[in-house]
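Examination of the molecular architecture
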Amino acid sequence: MGNNFTITVVAENQKTANENIHLAIEEIRRIEKLLTTYKADSQTNLINQNAGIAPVKVDPEVFNLIERCIGISRITQGAFDISYGSIDKSLWNFDKSMTQLPDPETALKMVHLINYHNIILDKENTSVFLKEKGMRIGFGGIGKGYAAEMAKQVLIKHNVQSGIINASGDLSAWGLQPDGKKWTIGVANPDAPNAAFSYMEISNKAVATSGNYEKFVTIKGKKYSHTIDPKTGLPITGIKSVTIMASNAEFADAMATPIAVMGIKAGLFLIDQIPDLYCIIIDDNNKIYTSKNINLK
């Protein structure tokens, strides 16, 4: 998935631990194969290749994930949208070769293909149809969290009472440490991502962070984040990082980016409407905003 996964399990001995870790790795690999856009024969690519042409029958698992994605698009008013794939590489390429911003007109022309309303689902045939030619879907905003959640479920089925699946900062923790304490999670400092600005004790919770320090370009001394507003096709500004806490890693991962796109006021308002969802936002001036019921240490 282009990300590092760290798997921690509590077990009676090294052999059992390694066997369980291997199960989690296999599950993550299985999901990558299903969702990747880097393999021509993946279900995601088949959907994209048939955009504007024909519906594609997919596994129920992929169908259900897309259905949940559309649900998240609805509640975030399109700030989360898996059809962002149409602008992924052609408009933005966050590497050293990028020296100037695309002009706003070009960006706006391209975002017309981003529209979750044009992802047509047929439940009876478990098929997915992208209405417009050139449309593309991608799971960059939810795939890591989904893989972490599924790997956790596999381990729970194999009686692993506690552990952590960490997908490059999007993590799911369950159970307790061997000493009976909850897991201690550090929230990354956007100015020094390897250091934490705050700690939380969690169990049976998931945490996901979207930050402008992960992937960005600096043009004329200004930092542009890889988080793109689907309505304009341009990067968001004003927010350094968004950390989401939820009971499920898939949902936490999916909500981190749209909250950054929606902005502080609208983002926190939405978070406060949804049970068991919490949020910490750091703006460009290092001011910290939190949703209700969060106590930072």
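Before any of the text, the structure's been laid out above.
Okay, so let's go over this structure. (Residues numbered from 1 in each chain as written. Predicted model: local features only at pLDDT ≥ 70, side-chain atom pairs only at ≥ 80, totals over all residues. Heavy atoms only, no water.)

Quick word on the overall build of the chain
The criterion, for reference: Helix numbers and strand numbers start at the N terminus; a helix is a DSSP run of H or I with at least 4 residues, a strand a run of E with at least 2. Throughout this description, buried means an accessible area under 20% of the type-specific maximum (1.4 Å probe, protein chains only), exposed means over 50%, and partly exposed covers the range between. By the convention used here, residues are in contact when the closest approach between their heavy atoms is within 4.5 Å.
Scanning the chain from terminus to terminus reveals seven helices and 14 strands. Out of the 297 residues in the chain, the part that is buried amounts to 48%. In the chain, 62% of the contacts between residues at least 6 apart in sequence involve partners at least 24 apart.

Some words on helix H6 (residues 249-262)
Test applied: A helix's residues, less one, multiplied by 1.5 Å, set its expected span. Any pair of N or O atoms that falls within 3.5 Å is considered a polar contact. Within protein, one atom must be able to donate a hydrogen and the other to accept it, and sequence-neighbouring residues count only if both atoms are side-chain atoms.
Counted at 1.5 Å a residue, the expected span for H6 with its 14 residues is 20 Å, and the 20 Å between its end C-alpha atoms agrees. Judged by how many residues are buried, H6 sits mostly within the fold: 11 of 14 residues are covered. Within H6 the residues assigned to the buried category are Ala249, Glu250, Ala252, Asp253, Ala254, Met255, Ala256, Pro258, Ile259, Ala260 and Val261. Between the side-chain oxygen at the start of H6 and the backbone nitrogen of glutamate 250 there is a gap of 2.7 Å, and the oxygen is on asparagine 248. A positive backbone phi angle near 95° is found at glycine 263, which sits one or two residues after H6.

Examining the sheet that holds strand S2 (residues 56-57)
Selection rule: Only strands joined by at least two bridges in the DSSP assignment are considered to pair. Helix axes are fitted only over the stretch in contact, all axes being lines through C-alpha atoms; the angle between N-to-C directions runs from 0 to 180 degrees.
Taken together, the three strands give an open sheet; going across it, the order is S2-S4-S3, and neighbouring strands pair in antiparallel fashion. Each edge of the sheet is formed by a strand with only one pairing partner; in this case those strands are S2 and strand S3 (119-122). Of the strand pairs in this sheet, S2 and strand S4 (residues 127-130) are connected by two bridges, and their pairing is antiparallel. Within the sheet, the bridge partner assigned to lysine 57 lies in S4 and is serine 127. Across the face of the sheet, helix H3 (residues 60-75) comes into contact with S3 and S4 while running at roughly 130° to S3.

Examining the sheet that holds strand S6 (residues 170-174)
Taken in spatial order, the seven strands make up an open sheet running S1-S5-S6-S9-S12-S13-S14, and their pairing is antiparallel. At either margin of the open sheet sits one strand with a lone partner, and together these are strand S1 (5-9) and strand S14 (288-290). Neighbour to neighbour, the strand axes of the sheet diverge by 10° on average, direction disregarded. Strand direction decides the pairing type here: strand S9 (residues 205-211) and strand S12 (residues 239-246), joined by six bridges, are antiparallel. Bridging across to S12, threonine 209 finds its partner in threonine 243.

Notes on the pattern of salt bridges
Heads up, the condition is: Salt bridges are defined as contacts in which a side-chain nitrogen from Lys or Arg sits within 4 Å of a carboxyl oxygen from Asp or Glu.
What the rule picks out here adds up to nine salt bridges. Lysine 15 is the partner of glutamate 19 in a salt bridge, and the nearest nitrogen-oxygen pair spans 2.8 Å. Here the residue glutamate 19 and the residue lysine 15 both occupy positions in helix H1 (residues 14-35), the gap between them amounting to four residues, near one helical turn. The exposed category is assigned to lysine 15, whose relative accessible area is 59%. Note that aspartate 170 is salt-bridged to lysine 144, the shortest N-O span being 3.5 Å.

Points about the pairing of strand S5 (residues 163-167)
With respect to burial, S5 is a largely interior element, four of its five residues being buried. By the bridge criterion, five bridges tie S1 to S5 in an arrangement that is antiparallel. When the sheet's bridge partners are listed, isoleucine 7 is paired in S5 with isoleucine 165. In the sheet, S5 pairs with S6 via five bridges, with the strands oriented antiparallel.

Focus on the pairing of S9
Buried residues dominate S9, accounting for six of its seven residues. As defined by bridge partners, S6 adjoins S9 across three bridges and the pair is classed as antiparallel. From the neighbouring strand, alanine 173 faces S9, where its bridge partner is lysine 205.

Description of H1
Residues spaced three or four apart along an α-helix face the same direction, because each turn holds 3.6 residues. Put simply, the test is: Read the arc as the range of directions from the helix axis to the C-beta atoms.
The end-to-end C-alpha separation of H1 is 32 Å, in line with the 32 Å expected for 22 residues at 1.5 Å each. By the burial criterion, the buried members of H1 are Ala17, Asn20, Ala24, Glu27, Ile28, Ile31, Leu34 and Leu35. Viewed along the axis of H1, the buried residues span an arc of 120°, placing them on a single side of the element. The outward face of H1, more than 90 degrees from its buried face, is lined by the exposed residues Gln14, Lys15, Arg29 and Lys33. Of the surrounding elements, those touching the buried residues of H1 are S1, helix H2 (43-49), H3, helix H5 (143-157) and S5.

Concerning the environment of lysine 123
Tracing the chain through its elements places lysine 123 in the loop between S3 and S4. Those residues in contact with lysine 123, other than ones at most four positions away along the chain, are Phe63 and Glu67.

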